[in-house]
Amino acid sequence: MGRGKLRIYLGAAPGVGKTYAMLSEAHRRVERGTDCVVAFVEHHNRPRTEVMLHGLEQVPRRQLDYRGSSFTEMDVDAVLLRAPAVALVDELAHTNVPGSRNAKRWQDVEELLAAGIDVVSTVNIQHLESLGDVVESITGVRQRETVPDEVVRRADQIELVDMSPPALRRRMAHGNIYKSDKVDAALSNYFRPGNLTALRELALLWVADRVDEYLTEYRSEHRVSKIWGSRERIVVGLTGGPEGRTLIRRAARLAEKGAGGEVMAVYIARSDGLTSASPKELAVQRTLAEDLGGTFHHVVGDDIPVALLDFARGVNATQIVLGSSRRKTWQYVFGPGVGATVARESGPDLDVHIVTHDEVAKGRGLPVARGARLGRSRIIWGWLVGVGGPVVLALLLNTIDLGLANDMLLFLTVTVAAALLGGLFPALASAAFGSLLLNYFYTPPLHRLTIADPKNIVAIAIFVGVAVSVASVVDLAARRTHQAARLRAESEILSFLAGSVLRGETSLEALLERVRETFGMESVALLERAGDVDPWTCAGSVGPQSPKRPEDADVDMPVGDHMALALSGRVLPASDRRVLAAFAAQAAVVLDRQRLQHEADQAKELAEGNRIRTALLAAVSHDLRTPLAAIKAAVSSLRSDDVAWSEEDQAELLEAIEEGADRLDHLVGNLLDMSRLQTGTVTPLIREIDLDEVVPMALGGVPEGSAELDIPETLPMVAVDPGLLERAVANLVENAVKYSPADEPVLVSASAMANRVEVRVVDRGPGVPDEAKDRIFAPFQRYGDAPRGAGVGLGLAVARGFAEAMGGTLNAEDTPGGGLTMVLTVRAVDSLPDLATATAERQAS
């Protein structure tokens, strides 16, 4: 039988109609012939909700007595025996009455789902565990009943039940939610318009995030590249100029107009020429973007408009914000500019905003798109001028006679123009072709490739030399400009790389993601191996299907002898490998830092072990001396010949000796256990066992009647070390009995949830504040004013150590109504079996 499906009706506050909507859904399913029952629905004396229960089968509830009062809870066993197709379970975050099968109702729901029963439930946004602090800051009320976010996120369907704050307050005023004597207090406190509006926004945003997760998964699975404007994502194109701050603020205001809007600031560094981007200004803009809740991205791209649009479509952006061009009017002869190009190529799925600013027409902003070093169009124009220019000039000069000197100057001008446009080779072609035309048309003898006057030979030679020299200088200048631009682009990337170290970005995955984003790759992996013939292992990777070996990657960058950075997606030009080498070296440094941090943590553990051993010596010198002194005093008294002890006195002294020996045995046992934990010598022998074979034995060290046991027979078997589990539970029970009132027995219960089993030790003592819940598990800690005679403070530390050694956890929670609950979680062998099958198996055994 497969796992059941969970549907949740989520509301912003009580009274919005979650239960009503759930019951309406139940009636629809019953009309379709679905076997649907009411496992637990609380109508809170609301007439309309109560009427909706009519016509629906209700499973009888379980009666529980607690502190002299009678309560009803959902009868999980009865629902499992009834085995309906759908069960309605109201108030998912509810805390069950002590003595129930599970501590929380969502744990009851997990049992039903594991049994293959579909569940429809309800929950309010304020009961989500992650929102506890936010709700408290809004309403001033701390929610004690919470449900883990993951339980709600795993739901197959989540439906928001929404109602405007004025409508909800009207329902409250009409008495449709609370009784009349509570209406005024509710309206003036929790149900204030501001509170309800804030809670409503929380619910809407939480559901929107959930929907966005579904959408992202769907787009990834179906490889959807087209932009779906389901959520406002605004990309800001930065040039590094001062106008960037204006653009970021404008984008943030646009994002605020739609709930859940995101701002992504991106600076694209080109390798063939760049703007005068100030690293200091980019750092300021990065900080501003992050302060406004956005993100900053640094991308390399040869074609600025294409790179910007690719980035926007890659993040499913809906809008692009660019600044008005900083170019002067005459500079538009070189092209329309990035803003116009992006607007033309964006298509119908991307809106482009051109924002005015104070730097308009004061200097160039985002550069126009170019290809190679001089640009393909410039090279083409250079060849056209270099080859066609001399021909056109010769045709013009044939109509007029300006003299040989002037003719040579005009041909030299064409050669210089070819050099300025296309570089060295078009200029050389122009010089050679021009010299031939000068010789043929303008040096005697005309129309022959011979020269009669030696002076003309010198003139043509000088012409060729000057033309070649000018072309060489122009080409060299272009090369130096290209190199300077390239180096500047690399320096900007490297400065950001160094800045990441200063900012404390030490995550290897974050650095690899930066590499993938910078070079436009699909996946990046850092590979390493122990020796030249050993197989490669992956130290970290990002992206789908990352390469497993350097040979499988499109680009691999060695880092030392036995490490390599492997990238998949496209082949990088050789000019990019220098920057990639810096990233690879930084990745190796980050990996080394992580390992050094791990070693430092291990050293810290050793230091902590030394501290524990020092504390052990202190414990031996203080806490162990007390029972030894009591035993010695009692023995000395019994052996004394000066006093004639009565039988009662002798029995009392012997009892003192026995108590001291038991106490000494308990202290020494805890000290030895703590020593084993600190030295790492605890090796659990995991085997499958029933809880009811171990937990009852752990209650042998406490007075009779001080603890009650509630271990259901339907629990699955657990994978534990029986000895360690018994010792851990015994320490928890002894600690609970110590602090619980004499007339309030400690409750030891167990419940199953998914693939885990929880053992809960519940006391009714003074409890522990939230800030002290972790501290009580530290060695040699006694909470409150516990005297030294109460022990050395190792019981809870040993219990947690044993739990973690078995792969489990131990945490402290508040007991509803006051007290402390220790929750010991261990791994279940199998998921929860069907109740009837489990009962039959146990009866047979």
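Check the entry above for the structure.
Residues numbered from 1 in each chain as written. Predicted model: local features only at pLDDT ≥ 70, side-chain atom pairs only at ≥ 80, totals over all residues. Heavy atoms only, no water.

J.: Explain the pattern of salt bridges to me, and be specific about the residues and the numbers.
T.: Counted by the stated rule, this structure contains 25 salt bridges. Measuring nitrogen to oxygen at the nearest pair gives 2.9 Å for the salt bridge that ties R3 to E110. With a gap of 107 residues between them, R3 in the segment before β1 (6-11) and E110 in helix α4 (residues 105-114) connect regions that are remote in the sequence. You can call R3 partly exposed: its relative accessible area is 47%. Assessed through its relative accessible area of 3%, E110 is described here as buried. The partner of D814 in a salt bridge is R144, with the nearest N and O atoms 4.0 Å apart. Taken together, the positions of D814 in strand β23 (residues 809-814) and R144 in the loop between α5 (132-139) and α6 (149-153) put the pair 670 residues apart, joining distant regions of the chain. Its relative accessible area of 62% is what places R144 among the exposed residues. Here the residues in one salt-bridge network are R7, E25, R28, R29 and E159, joined through shared partners. (Salt bridge = Lys/Arg side-chain N within 4 Å of Asp/Glu carboxyl O. Helix = DSSP H or I, 4+ residues; strand = E, 2+ residues; numbered from the N terminus. Buried < 20%, exposed > 50% of the residue type's maximum accessible area, 1.4 Å probe, protein only.)

J.: With reference to specific residues and values, describe a nonpolar patch on the surface.
T.: Side chains of I379, W383, V387, F425, L428 and V468 sit close together on the surface and give an oily, nonpolar patch of about 490 Å² of accessible area. Those elements that provide at least two residues to the nonpolar patch are α14 (376-397) and α16 (424-441). Top contributing element to the nonpolar patch by residue count: α14, with three residues. Positionally, W383 belongs in helix α14. What makes W383 partly exposed here is its relative accessible area of 39%. (Patch = residues over 30% accessible without salt bridge, like charges linked within 9 Å, V, L, I, M, F, W, Y side chains within 5 Å. Areas by Shrake-Rupley, 256 points an atom, 1.4 Å probe, with all protein chains shown as cover.)

J.: Give a description of the sheet that holds strand β16 (residues 555-558) that names residues and reports values.
T.: Whether parallel or antiparallel, the strands of a sheet pair through hydrogen bonds between backbone atoms. As summarised here, the arrangement of the four strands in space is β15-β14-β17-β16, forming an open sheet in which the pairing is antiparallel. In this open sheet, the two strands that pair with only one neighbour each are β15 (537-542) and β16. Put simply, the sheet's adjacent strands are angled 20° from each other on average, direction ignored. Across six bridges, the pairing between strand β14 (residues 523-528) and strand β17 (residues 563-568) is antiparallel. Within the sheet, the bridge partner assigned to E528 lies in β17 and is M563. Strands in contact with helix α18 (residues 508-519) are β14, β15 and β17; relative to β15, the strand with the most contacts, it is inclined by about 60°. (Pairing = 2+ DSSP bridges. Axes fitted to C-alpha atoms, helices over the stretch in contact; angles between N-to-C directions. Contact = heavy atoms within 4.5 Å.)

J.: Can you break down the packing of helix α12 (residues 304-314) against helix α13 (residues 338-345) residue by residue, with the values?
T.: Close contact between α12 and α13 brings their axes to 9 Å; oriented N to C, the two are set at 45°. The orientation of α12 relative to α13 falls into the category oblique. As α12 runs across α13, the sense of the crossing is right-handed. Listed contacts from α13 to I304, P305, L308, L309 and R313 of α12 are V338, T341, V342 and E345. Here the contact of α12 with α13 is composed, by residue class, of six nonpolar, one polar and two charged. (Parallel < 35°, antiparallel > 145°, perpendicular 65-115°, else oblique. Left-handed = near helix turned anticlockwise from the far one by under 90°. Nonpolar A, V, L, I, M, F, W, Y, C, P; charged D, E, K, R; others polar.)

J.: Break down the pairing of β14 for me, with residues and values.
T.: When you tally the buried positions in β14, you get six out of six residues, the bulk of the element. Burial of the side chains of β14 extends over both faces: S523, A525 and L527 are buried on one face and V524, L526 and E528 on the other.

J.: How would you sum up a negative patch on the surface? Please name residues and give values.
T.: On the surface, a cluster of negative charge is contributed by E647, E648, D649, E652, E655, E658, E659, D662 and D665. Relative to the helices and strands, E655 is located in helix α21 (residues 647-679). (Lys, Arg positive; Asp, Glu negative; His and termini not counted. Charge placed at Lys NZ, Arg CZ, Asp CG, Glu CD.)

J.: So what's going on with unusual backbone geometry? Residues and values would help.
T.: Look at A83: it is not a glycine, yet its phi comes out positive at around 50°. You can see A83 is positioned in the loop between α3 (76-82) and β6 (86-89). For E91, which is not glycine, the phi dihedral falls at a positive 55°. On the secondary structure map, E91 appears in the loop between β6 and α4. Residue E91 is classed as partly exposed on the basis of its relative accessible area of 26%.

J.: For the packing of helix α15 (residues 404-422) against α16, give the residues involved together with the corresponding values.
T.: Between α15 and α16, the shortest axis-to-axis distance is 7 Å and the interhelical angle comes to 160°. As judged from the angle between their axes, α15 and α16 are roughly antiparallel. Regarding α15 and α16, the two cross each other, and that crossing is right-handed. Packed against α15, whose contacting residues are D407, M408, F411, V414, T415, A418, A419 and G422, the element α16 presents L424, P426, A427, S430, A431, G434, L437 and L438 at the interface. Its residues placed into classes, the contact of α15 with α16 shows 11 nonpolar, four polar and one charged.

J.: Help me get a handle on the nonpolar core, residues and values and all.
T.: Counting 62 residues, the largest nonpolar core has L88, L112, I125, V147 and W206 as the members making the most contacts within it. Examining the composition of this core, we find that six residues originate from one element, helix α9 (residues 193-221), more than from any other. Counting 44 residues, the second largest nonpolar core, distinct from the first, contains A728, V746, V757 and L824. (Core = buried A, V, L, I, M, F, W, Y, C linked by side-chain atoms within 4.5 Å.)

Structural measurements only, silent on function.
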